[in-house]
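# Reading the structure
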Amino acid sequence: MPRLLAAAVQPWNQGVPKWNGHFRRMFLPSLDKGTNWAIDFDDIDLVDAATAIAAERTTVLSQVGVNLLMQRWLNHQSRVIIPTSTINNMIEGQFDEADLTGDAVAELVDGGTDSDEALARVNAWLDDGPRGTTKREALNDPQKRSTVRAELRKAVRNWTRA
């Protein structure tokens, strides 16, 4: 059963959040006007995917927000501060994968495909590739990303015509 690392977002009632010295927290100051929020890295757990899907979501982090979250998590674990640009360079392929998957599934659903079937089809396509290298892995190479994007758009057009 797939499980995901999850953290509760809780109110921060100890004044204006300050990053210095708070190694175990990720502050979310723009989440809600009038209330400060934070994630406590000592209060995380694994949840099954079904629970995560059913949970109430009030916000989605931007790419910068994800990079900051990763920076804070790594700092919590090691006390090393890694520039967010370095983190971004390391996970750009995963950002592209998420964007491509979301766009392709939405287009397939708009064309009448069931959402679970659409996701399965896109995942199977990403897991396929020449000579033991999947298209999903190719997204980690900046030189191959545009080709993978173009090929997926073409595949989606073909699937919606069928």
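Worth saying up front: this structure is predicted, and the values here are computed from it rather than measured.

### A look at the nonpolar core
If you look at the biggest cluster of nonpolar residues, it comprises 14 residues, and the most contacted ones within it are Val122, Trp125 and Leu152. Looking at this core, the elements with two or more residues in it are α3 (84-110), α4 (115-126) and α6 (145-161). Once residues lying within four places of it in the same chain are set aside, the contact partners of Val122 are Thr101, Ala104, Val105, Leu108 and Trp159. Counting 5 residues, the second-largest nonpolar core is a separate cluster that includes Met26, Leu28, Trp37 and Phe41.

### Considering the packing of aromatic side chains
Enumeration according to the criterion identifies 2 aromatic pairs in this entry. Summarising the aromatic geometry, the rings of Trp12 and Phe27 are spaced 5.0 Å apart at their centres and angled 75° between planes, so their arrangement reads as edge-to-face. Of this pair, Trp12 sits in the loop between β1 (3-11) and β2 (25-27) while Phe27 sits in strand β2; the two residues are 15 residues apart in sequence, bridging distant segments of the chain. Of the residues examined, Trp12 reaches a relative accessible area of 7% and is grouped as buried. Each ring, one from Phe41 and one from Trp73, has its centre 5.2 Å from the other, and the planes form 70°; the classification is edge-to-face. Taken together, the positions of Phe41 in strand β3 (residues 37-48) and Trp73 in helix α2 (residues 63-78) put the pair 32 residues apart, joining distant regions of the chain. When its relative accessible area of 6% is taken as the criterion, Phe41 is described as buried. Looking at Lys135, its charged tip hangs above the ring of Trp125, at a distance of 4.4 Å from the centre.

### Describing the packing of α3 against α4
As a packed pair, α3 and α4 sit with axes 9 Å apart at the nearest point and diverge in direction by 135°. Relative to α4, the element α3 lies oblique. Two packed elements cross with a definite hand, and for α3 against α4 that hand is right-handed. On the side of α3, the interface is formed by Glu97, Thr101, Ala104, Val105, Leu108 and Val109, while α4 contributes Ser115, Ala118, Leu119, Arg121, Val122 and Leu126. Of the residues in the contact of α3 with α4, the class split is 8 nonpolar, 2 polar and 2 charged.

### Quick word on a negative patch on the surface
Together, Asp99, Asp103, Glu107 and Asp110 make up a negatively charged patch on the protein surface. Its place among the elements puts Asp110 in helix α3.

### Details of the sheet that holds β2
Strand order in the open sheet formed by 3 strands is β1-β3-β2, with antiparallel pairing between adjacent strands. Each edge of the open sheet carries a strand with a single partner, namely β1 and β2. The average angle at which neighbouring strand axes cross in this sheet is 50°, direction not considered. Strand direction decides the pairing type here: β2 and β3, joined by 3 bridges, are antiparallel. Residue Phe27 lies in a different strand from β3, and its bridge partner there is Ala38.

### So, α3
Considering bend angle alone, the principal kink of α3 is centred on Ile91 and spans about 60°. Taken together, the buried positions of α3 are occupied by Ile87, Asn88, Ile91, Gly93, Phe95, Asp96, Glu97, Leu100, Thr101, Ala104, Val105 and Leu108. Buried residues along α3 sit against α2, α4, α5 (135-138) and α6. In the segment just after α3, Gly112 is the residue with positive phi, at about 105°.

Calculation notes
- Residues numbered from 1 in each chain as written.
- Predicted model: local features only at pLDDT ≥ 70, side-chain atom pairs only at ≥ 80, totals over all residues.
- Heavy atoms only, no water.
- Core = buried A, V, L, I, M, F, W, Y, C linked by side-chain atoms within 4.5 Å.
- Buried < 20%, exposed > 50% of the residue type's maximum accessible area, 1.4 Å probe, protein only.
- Helix = DSSP H or I, 4+ residues; strand = E, 2+ residues; numbered from the N terminus.
- Contact = heavy atoms within 4.5 Å.
- Phe/Tyr/Trp six-rings, centres within 6.5 Å; stacked < 30°, edge-to-face > 60°.
- Lys NZ or Arg CZ within 6 Å of the ring centre and 35° of its normal.
- Axes fitted to C-alpha atoms, helices over the stretch in contact; angles between N-to-C directions.
- Parallel < 35°, antiparallel > 145°, perpendicular 65-115°, else oblique.
- Left-handed = near helix turned anticlockwise from the far one by under 90°.
- Nonpolar A, V, L, I, M, F, W, Y, C, P; charged D, E, K, R; others polar.
- Patch = residues over 30% accessible without salt bridge, like charges linked within 9 Å, V, L, I, M, F, W, Y side chains within 5 Å.
- Areas by Shrake-Rupley, 256 points an atom, 1.4 Å probe, with all protein chains shown as cover.
- Salt bridge = Lys/Arg side-chain N within 4 Å of Asp/Glu carboxyl O.
- Lys, Arg positive; Asp, Glu negative; His and termini not counted.
- Charge placed at Lys NZ, Arg CZ, Asp CG, Glu CD.
- Pairing = 2+ DSSP bridges.
- Bend = angle between axes of the 7 residues up to and from the residue.

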